[in-house]
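Chain by chain, the residues:
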Amino acid sequence: AQSVAQPEDQVNVAEGNPLTVKCTYSVSGNPYLFWYVQYPNRGLQFLLKYITGDNLVKGSYGFEAEFNKSQTSFHLKKPSALVSDSALYFCAVRSTPDSNYQLIWGAGTKLIIKP
Amino acid sequence: SAVISQKPSRDICQRGTSLTIQCQVDSQVTMMFWYRQQPGQSLTLIATANQGSEATYESGFVIDKFPISRPNLTFSTLTVSNMSPEDSSIYLCSGARVAGSNEQFFGPGTRLTVL
């Protein structure tokens, strides 16, 4: 069965420190991988994606993620956390070829950045 | 990217009534989806809204309870029928283009409370 795992319900990081939010996946075929962020009482915002090419992808707000095929992981990272990064983060994957373009979603990780 | 708006942003409804949520995209998208999300939880796909034809529903969701319309490539509605308190949730609309970037864009959501 296809799935996405975000093993941490919550991640706490001090402001200025690097942060990592973990994501692993299991799909048949080649994966398209996505990270989204949800601020309180807001919809989801797209952060970044991996489709093909360079394993390190850069996205909005200084975030980046590294695709690791052997470990089936796509961890989200940022070198220096800001208090404003505090939000709910979702990893999602789509298997290709896939005619219905649906995403498989992780459970979400709450990121708390402390001043 | 695309900008997606939803109306209403929130509502409080009585048991047994129905509510129709509107989703408007500022440009044409190939795919449109409706999700349900409990606050702080992951997303559950309700259905894929198909232009000019019946929506494709996920397991556990039926047309009689969640009728969906999609008359064109920029607009869709979701009705939550005969509501009960268990329908209290956030309802999210998303869109995606088949060609190009692949990511889904989300509306701000509709927060529904059923008394």
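For the structure, check the block above.
Residues numbered from 1 in each chain as written. Chains lettered and ligands numbered in written order. Predicted model: local features only at pLDDT ≥ 70, side-chain atom pairs only at ≥ 80, totals over all residues. Heavy atoms only, no water.

A. Inspection of the sheet that holds strand β3 (residues 19-25) of chain B at higher detail. Residues and elements named next belong to chain B. Spatial ordering of the open sheet is given by β1-β3-β8-β7, a layout of four strands whose pairing is antiparallel. Where the open sheet ends on each side, the last strands, each with one partner, are β1 (4-7) and β7 (68-72). Ignoring which end each strand starts from, the neighbouring axes of this sheet average 15 degrees apart. Note: β7 against strand β8 (residues 75-80), three bridges, orientation antiparallel. Bridge pairing in β8 places Asn72 opposite Phe75. (Pairing = 2+ DSSP bridges. Helix = DSSP H or I, 4+ residues; strand = E, 2+ residues; numbered from the N terminus. Axes fitted to C-alpha atoms, helices over the stretch in contact; angles between N-to-C directions.)

B. Focus on the pattern of salt bridges. Throughout the structure, instances matching the rule amount to four salt bridges over all chains. For Lys49 of chain A, the salt bridge is made with Glu103 of chain B, and the minimal N-O distance between the two is 2.9 Å. Here the residue Lys49 of chain A occupies a position in strand β6 (residues 44-50), and Glu103 of chain B occupies one in the loop between β9 (89-96) and β10 (105-106), the pair thus bridging two chains. The partner of Glu64 of chain A in a salt bridge is Lys58 of chain A, and the shortest N-O contact between them spans 2.9 Å. Overall, Lys58 of chain A belongs to the exposed group, its relative accessible area being 64%. (Salt bridge = Lys/Arg side-chain N within 4 Å of Asp/Glu carboxyl O. Buried < 20%, exposed > 50% of the residue type's maximum accessible area, 1.4 Å probe, protein only.)

C. Molecular detail of the pairing of strand β8 (residues 64-68) of chain A. Residues and elements named next belong to chain A. Across the two faces of β8 the burial differs, with Ala65 and Phe67 buried and Glu64, Glu66 and Asn68 not buried at all. Summarising the sheet, strand β7 (residues 56-58) and β8 pair through three bridges and their orientation is antiparallel. Within the sheet, the bridge partner assigned to Lys58 lies in β8 and is Glu64. Count of turn residues in the β7/β8 antiparallel hairpin: five residues, of which Tyr61 carries a positive phi of about 60 degrees.

D. Here's a closer look at the packing of aromatic side chains. In this structure the tally under the stated criterion is 12 aromatic pairs over all chains. For the ring pair Tyr50 of chain A and Phe67 of chain A, a centre distance of 4.2 Å and an interplane angle of 20 degrees mean the geometry is stacked. With Tyr50 of chain A in strand β6 and Phe67 of chain A in strand β8, this pair connects stretches of sequence that are 17 residues apart. Take Phe67 of chain A: its relative accessible area is 7%, and that puts it in the buried class. Here Trp105 of chain A and Phe106 of chain B contribute two aromatic rings whose centre-to-centre distance is 5.7 Å and whose plane-to-plane angle is 75 degrees, an arrangement assigned as edge-to-face. Of the two residues, Trp105 of chain A is situated in strand β11 (residues 104-105) and Phe106 of chain B in strand β10; the pairing between them involves two chains. Each member of the pair, Trp105 of chain A as well as Phe106 of chain B, is classed as buried. Put simply, the rings of Tyr36, Phe46, Phe90 and Trp105 of chain A together with Phe33, Tyr35 and Phe106 of chain B touch in pairs and so form one group of aromatic residues. (Phe/Tyr/Trp six-rings, centres within 6.5 Å; stacked < 30°, edge-to-face > 60°.)

E. Structural view of the interface of chain A and chain B. Taken together, the contacts link 21 residues of chain A with 21 residues of chain B. When chain A packs against chain B, close to 1,600 Å² is buried across both sides, 53% of that on carbon and sulfur atoms. Taken as a group, Tyr101, Gln102 and Trp105 of chain A account for 32% of the area that chain A buries against chain B, more than any other trio of residues on that side. There are one salt bridge connecting chain A and chain B. The interface formed by chain A and chain B holds six residue pairs in polar contact (both at pLDDT 80 or more) in total. (Contact = heavy atoms within 4.5 Å. Buried area = accessible area lost by both parts, 1.4 Å probe. Polar contact = N/O pair within 3.5 Å; in protein donor to acceptor, adjacent residues only side chain to side chain.)

F. Inspection of unusual backbone geometry at higher detail. At the junction of Lys7 of chain B and Pro8 of chain B, the peptide bond is cis and its omega measures out at -10 degrees in the coordinates. Along the chain, the position of Pro8 of chain B falls in the loop between β1 and β2 (10-13). Unusually for a residue other than glycine, Thr72 of chain A sits at a positive phi of about 45 degrees. Relative to the elements of secondary structure, Thr72 of chain A occurs in the loop between β8 and β9 (73-78). By relative accessible area, Thr72 of chain A is classed as partly exposed at 30%.

G. View of the nonpolar core. Counting residues in hydrophobic clusters, the biggest one holds 28 residues, and the most contacted among them are Leu19, Trp35, Leu47, Leu48, Phe74, Leu76 and Tyr89 of chain A. Those elements giving two or more residues to this core turn out to be β2 (10-14), β3 (19-21), β5 (30-38), β6, β8, β9, β10 (87-96) and β12 (109-114) of chain A. Counting residues per element, this core draws most heavily on β10 of chain A, which supplies four residues. For Leu76 of chain A, the contacting residues outside a window of four places in its chain are Leu19, Thr20, Val21, Trp35, Leu47, Leu48, Phe63, Glu64, Ala65 and Tyr89 of chain A. Listed in part, the 26 residues of the second largest apolar core include Cys23, Ala49, Phe66 and Phe105 of chain B. (Core = buried A, V, L, I, M, F, W, Y, C linked by side-chain atoms within 4.5 Å.)

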